[in-house]
Amino acid sequence: MALELLKSNQAADYLKLASQNINKKCVFLNITNEEKGFGFCREYKFRPFVCRIFGIASRLDKYNEKQLLICPTLKENNLENDLKNIEELPLVELWKKKLEIIDPKLSEKELPINQALIFILEKVLFLEHLTTI
C-alpha cells in the first residue's frame, strides 16, 4: 500500500492524515452505516497484511498443507462451508515473508493500523528521498 501511495504522490498526504488520526479508525476505512458497522476500504486492492488476513485466511500446517483460519463469528454463520477454494485465501506465511523483505523485524511489531501506516510511510518516503539525493 505504501508503495502505491508513493507512486500516486499521495504518501505525504496520508502520512499527515494518519498522524492526525493516530488513535482513531483506519484512515482508509469508509463507514457507510455506523450503526450496523458497514463500510469498505478505499484502498482494498492494496490493503495491508492485517486487513488481508482479518476474518478468513490460511496457514500451512506441519505437513505443509493449507489450513483454514476463520474468526468465530464467521464460523458460527457456516461461512467456511461456502468457501470453494482455500487456494484463493491469503496465506499468512507468505504475507509475513513480504513484511520481512521490507524489514526483518517488521512482522514482530504489533501496531494500531494508523501507527503502522505512519511507520511504513516514513520508511518509504525516507528511502525515496535518499534515491533522489
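Our structure's up above, just so we're on the same page.
Procedures and definitions
Residues numbered from 1 in each chain as written. Predicted model: local features only at pLDDT ≥ 70, side-chain atom pairs only at ≥ 80, totals over all residues. Heavy atoms only, no water. Helix = DSSP H or I, 4+ residues; strand = E, 2+ residues; numbered from the N terminus. Buried < 20%, exposed > 50% of the residue type's maximum accessible area, 1.4 Å probe, protein only. 1 Å grid on protein atoms, 1.4 Å probe; cavity = no way out; pocket = protein on both sides within 12 Å on 5 of 7 lines; lining within 4 Å. Points joined across faces, edges and corners; volume = space filled by probe spheres on them. Nonpolar A, V, L, I, M, F, W, Y, C, P; charged D, E, K, R; others polar. Arc of directions from axis to C-beta. Pairing = 2+ DSSP bridges.

Asks: Any chance you could explain unusual backbone geometry here in plain terms?
Replies: If a residue is not glycine, its phi is most likely negative; likewise, a peptide bond is most likely trans. Located in the positive-phi region is Asn 9, a residue other than glycine, with phi close to 55 degrees. Inspection of the secondary structure puts Asn 9 in the loop between α1 (2-7) and α2 (11-20). On the accessibility criterion, Asn 9 (67% relative accessible area) is exposed.

Asks: Whenever I open this one, the layout of surface pockets confuses me. Can you help?
Replies: If a probe as big as a water molecule is rolled over the atoms, it shows which places are left empty. Space inside the largest pocket adds up to approximately 1,100 Å³. Of all elements in the fold, only α1, α3 (49-52), α5 (92-102) and α6 (113-132) reach the threshold of two or more residues within the lining of the largest pocket. Element by element, the count of residues in the lining of the largest pocket is highest for α6, at 10 residues. Here the lining of the largest pocket is built from residues that sort into 25 nonpolar, 2 polar and 10 charged.

Asks: What exactly am I supposed to notice about α5 here?
Replies: The periodicity of an α-helix, 3.6 residues per turn, causes residues three or four places apart in sequence to face the same way. Among the residues making up α5, those that are buried are Val 92, Trp 95 and Leu 99. Take α5 and look down its axis: the buried residues cluster within an arc of 75 degrees, on one side only. Residues Lys 97 and Ile 101 are exposed on α5 and point more than 90 degrees away from its buried face.

Asks: Just checking my understanding: could you explain the pairing of strand β3 (residues 56-60) for this structure?
Replies: Look at any regular strand and the pattern is simple: side chains alternate between the two faces of the sheet. Pairing between β3 and strand β4 (residues 66-70): 5 bridges, direction antiparallel. By the bridge assignment, Ala 57 is partnered in β4 with Leu 69. Linking two consecutive strands that pair antiparallel, namely β3 and β4, is a turn of 5 residues; a positive phi of about 65 degrees is found at Asn 64 within it.

Function cannot be read off these values alone, since they describe shape.
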